[in-house]
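Each chain, written out:
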Amino acid sequence: MCAPEPYTHTHTHTHTHAHIHRGNTTHRGAHNRSQQLATHHRHYQQQQQQQTQCHQQQQQQATQSVGLAKRTTRRTTTTHLQLWYILHVILVLIDITSALTMTEVKIPNHIMRLKSAQLGCRYALDGESLYSVKWYKDGHEIYRYVPRDKPPGQAFPLPGVNIDLRNSSDTQVVLKRVTLQSSGLYRCEVSGEAPAFNTVSESETMTVVVTPNHGPRITGGQPRYQIGDTVRVNCTSSPSKPACHLSWLINGEPAQKQHLKQYDKVVVNRDGLEMSRLGLEFRVRGYHFKHGDMKLKCVAKISSLYWQSNEESVESDRQQRAPALESRETVAAKSSTIGKTKNT
């Protein structure tokens, strides 16, 4: 710390000799006072400069102290974060390497009605003991396996769930003759023994499928088209569960989306079976005819379990357009011999 020097007033004594005249004495006294004032002014300026320099030094020292404190705080905070992160990683690694884990849950996404469904659940104990394996459908417990119980497997009744206890275990559950009510969200839950009682679970949705009795139907088509005509046809699936996914192909190529017309699904009976319908509308161009023939095909599909199609073949009317009445009569007369339908 620097301290300003105290300002001191120094008196200058002037001795006058007896032989100096009085007038000269007066002039010299005034001159001496001027010198004293100049000296006082210089001392004052020097004191102000010292105070200013001292103040600047104090500010620099304070700034350096604050910077040092901030750097120290940042280093301390960074060190704490690094230690916390390392501890967190260690705990996670310990948890991963020693905890109960689910290795596989296998539930069929789609299954045919009246078939048996096998639900699989595999796990790794990693040093723990098994406490229980539980199965749920839509949040309701349907099966429980506890190794120390006699017998270890137990089923709980629920509509649409008919468990084959003889073929069920801690790693699988077998559902016999599934119905539409068997569709839902199935979850397997595995728990370890005390004191941790670690628990893991996974779930999948299973849908029971009812396939259509016959392939899709195409309606609205004409036996012949000329370039410039508009094709308007519909494809309707037979009742199924879930509803069939329909698609249109023109000469084996998928129809463009802007040419498709979507319709709402229709529920047809108490079982909830549904019918799908998809429209196709486009203007006929020359490239639509391959060797004078245009093929319109509708495909009905349910996952990988069901695939059925229907195809119609129409011919190009290369003749010039006749007057409206004659054109309608010509189409009506030839409609019975031109149309072709093929189910595959």
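Cut-offs and rules
- Each chain has its residues counted from 1, running along the sequence as written.
- This being a predicted model, a pLDDT of at least 70 is required before a residue's local features are given, and a value of 80 or more before pairs of side-chain atoms are given or counted; all residues contribute to the totals for chains, interfaces and linings.
- The basis for every side-chain value is the complete set of non-hydrogen atoms in the structure, without hydrogens or water.
- For two strands to be treated as a pair, DSSP must find no fewer than two bridges joining them.
- Think of it this way: any DSSP run of H or I at least four residues long counts as a helix, any run of E at least two long counts as a strand, and we number them from the N terminus.
- Note on geometry: axes are C-alpha line fits, over the in-contact stretch for helices, and angles between N-to-C directions span 0 to 180 degrees.
- Whenever a pair of cysteine sulfur atoms sits within 2.5 Å, that pair is classed as a disulfide.
- Whether a residue is buried, partly exposed or exposed follows from its accessible area with a 1.4 Å probe, protein chains only, as a fraction of its type maximum: under 20%, in between, or over 50%, in that order.
- The pLDDT value tells you how sure the predictor is about a given residue, anywhere from 0 up to 100.
- The criterion used for residue contact is that any of the two residues' heavy atoms lie within 4.5 Å.
- Throughout this description, the term nonpolar core refers to a set of buried Ala, Val, Leu, Ile, Met, Phe, Trp, Tyr and Cys residues connected via side-chain atoms within 4.5 Å.
- Any Lys or Arg side-chain nitrogen located within 4 Å of an Asp or Glu carboxyl oxygen qualifies as a salt bridge.
- Two kinds of site are reported from a 1 Å grid over the protein atoms alone, namely cavities, where a 1.4 Å probe fits but cannot get out, and pockets, open sets with protein on both sides within 12 Å along at least five of seven lines, and residues are called lining when an atom falls within 4 Å of a point.
- Grid points are joined across faces, edges and corners, and a volume is the space filled by probe spheres set on the points.
- Here the nonpolar group is Ala, Val, Leu, Ile, Met, Phe, Trp, Tyr, Cys and Pro; Asp, Glu, Lys and Arg are the charged ones; every other residue, Gly included, is treated as polar.

Asker: I'd like to hear about the sheet that holds strand E15 (residues 260-262), residue by residue, with values.
Answerer: Pairing is antiparallel in the open sheet, where four strands are placed in the order E10-E12-E18-E15. Strand pairing shows two members of the sheet lacking a second neighbour, strand E10 (217-219) and E15, which therefore form its edges. With direction set aside, neighbouring strand axes in the sheet form an average angle of 25°. Examined bridge by bridge, strand E12 (residues 230-236) and strand E18 (residues 277-283) share seven bridges and lie antiparallel to one another. In the sheet register, Thr236 faces E18, and the bridge partner there is Arg277.

Asker: Tell me about the state of the cysteines, and name the residues and values.
Answerer: A full pass over the atoms with the stated rule returns two disulfides. One disulfide in the model links Cys121 with Cys188; its S-S distance is 1.9 Å. Between Cys121 and Cys188, the S-S dihedral sits near -80°, and the bridge is therefore left-handed. Here Cys121, found in strand E3 (residues 117-124), pairs with Cys188, found in strand E8 (residues 184-192); they are 67 residues apart in sequence, far enough to count as distant. Note on Cys121: relative accessible area 0%, which makes it buried. Residue pairing for Cys235: its cysteine sulfur links by disulfide to Cys298, the two sulfurs lying 1.8 Å apart. Judged by the sign of its S-S torsion, about -80°, the bond between Cys235 and Cys298 is left-handed. Taken as a pair, Cys235 in strand E12 and Cys298 in strand E19 (residues 293-302) lie far apart in primary sequence, 63 residues in all.

Asker: How would you explain the confidence of the model for the chain if you had to name every residue and give the values?
Answerer: Looking at the chain, the pLDDT average stands at 79 and 69% of residues meet or exceed 70. For the stretch residues 4-30, pLDDT sits under 50, and the model shows 15 contacts to residues farther than four places along the chain or on other chains. Overall, residues 92-97 carries pLDDT values under 50, and its contacts beyond four positions in sequence, including any with other chains, amount to one contact.

Asker: Let's hear about the nonpolar core: which residues, and what values?
Answerer: Ranked by size, the top nonpolar core spans 26 residues in total, and within it Trp135, Leu175, Tyr186 and Val190 carry the most contacts. Ignoring anything within four residues of it in the chain, the contact list for Trp135 reads Ile107, Leu119, Gly120, Cys121, His140, Glu141, Ile142, Tyr143, Val173, Tyr186, Arg187 and Cys188.

Asker: Break down the pattern of salt bridges for me, citing the residues and quoting the values.
Answerer: Taken as a whole, this structure holds seven salt bridges when the rule is applied. Here Arg144 and Glu141 are joined by a salt bridge, their closest N and O atoms 2.8 Å apart. We note a salt bridge from Glu193 to Arg148, for which the minimum N-O separation is 3.6 Å. Taken as a pair, Glu193 in the loop between E8 and strand E9 (199-209) and Arg148 in the loop between strand E5 (140-145) and strand E6 (153-155) lie far apart in primary sequence, 45 residues in all.

Asker: Quick one: what's the story with the layout of surface pockets, residue by residue and with numbers?
Answerer: Sizing a probe to match a water molecule and rolling it over the atoms shows the empty space that remains. Roughly 200 Å³ of internal volume is contained in the second largest pocket. Around the second largest pocket, the lining residues are Ile250, Asn251, Glu253, Pro254, Ala255, Gln256, His259, Tyr287, His288 and Lys290. Each residue belonging to the lining of the second largest pocket can be placed in one class, and the counts come to four nonpolar, four polar and two charged.

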